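One-letter residues, chain by chain:
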Amino acid sequence: MSLPTPTLETDRLRLRPVTDADADPLFAMHSSAPVLRYWDAPAWTERARAERFIATSRQLAADGSGARTVVEQASDGAFLGWCSLTRWNPDFRSAALAYCYAETAWGHGYATEAAHALLRWAFDTLDLNRVQAEADTRNLASARVLEKLGFVREGTLREDCVVNGEVSDSWVYGLLRREWRPGS
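Conventions used here
- Residues numbered from 1 in each chain as written.
- Predicted model: local features only at pLDDT ≥ 70, side-chain atom pairs only at ≥ 80, totals over all residues.
- Heavy atoms only, no water.
- Axes fitted to C-alpha atoms, helices over the stretch in contact; angles between N-to-C directions.
- Helix = DSSP H or I, 4+ residues; strand = E, 2+ residues; numbered from the N terminus.
- Parallel < 35°, antiparallel > 145°, perpendicular 65-115°, else oblique.
- Left-handed = near helix turned anticlockwise from the far one by under 90°.
- Contact = heavy atoms within 4.5 Å.
- Nonpolar A, V, L, I, M, F, W, Y, C, P; charged D, E, K, R; others polar.
- Pairing = 2+ DSSP bridges.
- Phe/Tyr/Trp six-rings, centres within 6.5 Å; stacked < 30°, edge-to-face > 60°.
- Buried < 20%, exposed > 50% of the residue type's maximum accessible area, 1.4 Å probe, protein only.
- Lys NZ or Arg CZ within 6 Å of the ring centre and 35° of its normal.

Caption draft 1: Molecular detail of the packing of helix α1 (residues 23–30) against helix α2 (residues 48–63). Running from N to C, α1 and α2 point in directions that differ by 115 degrees, and their axes come no closer than 8 Å. The angle between the axes of α1 and α2 places the two elements in the roughly perpendicular class. Our pair here, α1 against α2, has a crossing hand that is right-handed. Facing Ala23, Leu26, Phe27 and His30 of α1, the residues of α2 in contact are Ala50, Phe53 and Ile54. The residue makeup of the contact of α1 with α2, split by class, is six nonpolar, one polar and no charged.

Okay, here's the thing in C-alpha cells:
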C-alpha cells in the first residue's frame with residue numbers, strides 16, 4: 001500500500017515531497033560536520049549519498065512505510081532541511097519522527113513548526129496512537145524540540161551509536177494520541 005507524501009503549509013514553511021532537485025542542498029547539509037555532530041552516521045563524503053536518500057524517500061512512499069518531506073521557507077522556497085515519519089505500522093498505529101536541518105536554520109523554531117505540521121497530518125491521516133523519536137543525549141536543542149511538541153522522555157538507549165569511533169547514548173521519546181495538542 002502506498003502512502004503519498006503530503007505537501008503541507010504553515011505560516012512560514014512548506015513541507016513537500018523530496019525531488020531530484022534537492023540533491024545538492026541535501027548533500028551540502030549532510031556533509032556538514034556540525035550538522036551531523038549528533039547523528040547516527042558520519043557526514044556524507046560523496047554526492048551519490050544524496051541520490052540514495054532521494055530514492056529511499058520515494059521508496060518510503062511507494063511501500064507505505066513513511067513520508068519524508070523537504071522543509072523550505074514558504075516565502076522564497078529556500079531549503080531548510082527535512083522532516084519525516086517512518087516505520088509506519090498500521091497494525092500498531094505507530095510511526096517514528098525524525099528531522100535534520102541546515103545550520104543556518106537552527107534557532108528559528110523551524111524544526112518545531114515543521115514537525116507539528118507533519119504530526120497533525122499523521123495523527124489525522126494515519127490514525128496514529130503513538131509516535132516515537134530519538135535524540136542523542138548531548139543534543140539538547142533536539143530534546144527541546146521534542147518536548148515542545150509534547151513528547152515525553154521514556155528512557156535511554158545506552159551506547160546505542162558508534163560513529164567515527166565515538167560512542168553515544170540516545171534518549172527515547174514517545175508521544176501518544178491522547179497527549180497530542182494539535183492546536184499548540
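Caption draft 2: Summary view of the sheet that holds strand β7 (residues 152–163). Spatial strand order, β1-β2-β3-β4-β5-β6-β8-β7: eight strands in an open sheet with mixed pairing. Only two strands of the sheet have a single partner each, and these edge strands are β1 (8–9) and β7. Here strand β3 (residues 67–73) runs beside strand β4 (residues 79–89); their pairing, made up of six bridges, is antiparallel. Bridging across to β4, Val70 finds its partner in Trp82. Taken strand by strand, α2 contacts β3 and β4, and its axis lies near 120 degrees from that of β3.

Caption draft 3: Representation of the packing of aromatic side chains within the structure. This model, assessed by the stated rule, comprises five aromatic pairs. Centroid distance Trp39 to Trp82: 5.9 Å. Interplanar angle 90 degrees. Geometry classified as edge-to-face. Of this pair, Trp39 sits in the loop between α1 and α2 while Trp82 is found in strand β4, placing the two residues 43 residues apart along the sequence. Centroid distance Tyr99 to Tyr101: 6.3 Å. Interplanar angle 45 degrees. Geometry classified as tilted. What makes Tyr99 buried here is its relative accessible area of 12%. With relative accessibility at 7%, the residue Tyr101 sits in the buried group. For the cation-ring pair, Arg68 lies above Phe53, with the distance from its terminal atom to the ring centre recorded as 4.0 Å. Cation over ring: Arg153 sits above Trp171, and NZ or CZ is 3.7 Å from the ring centre.

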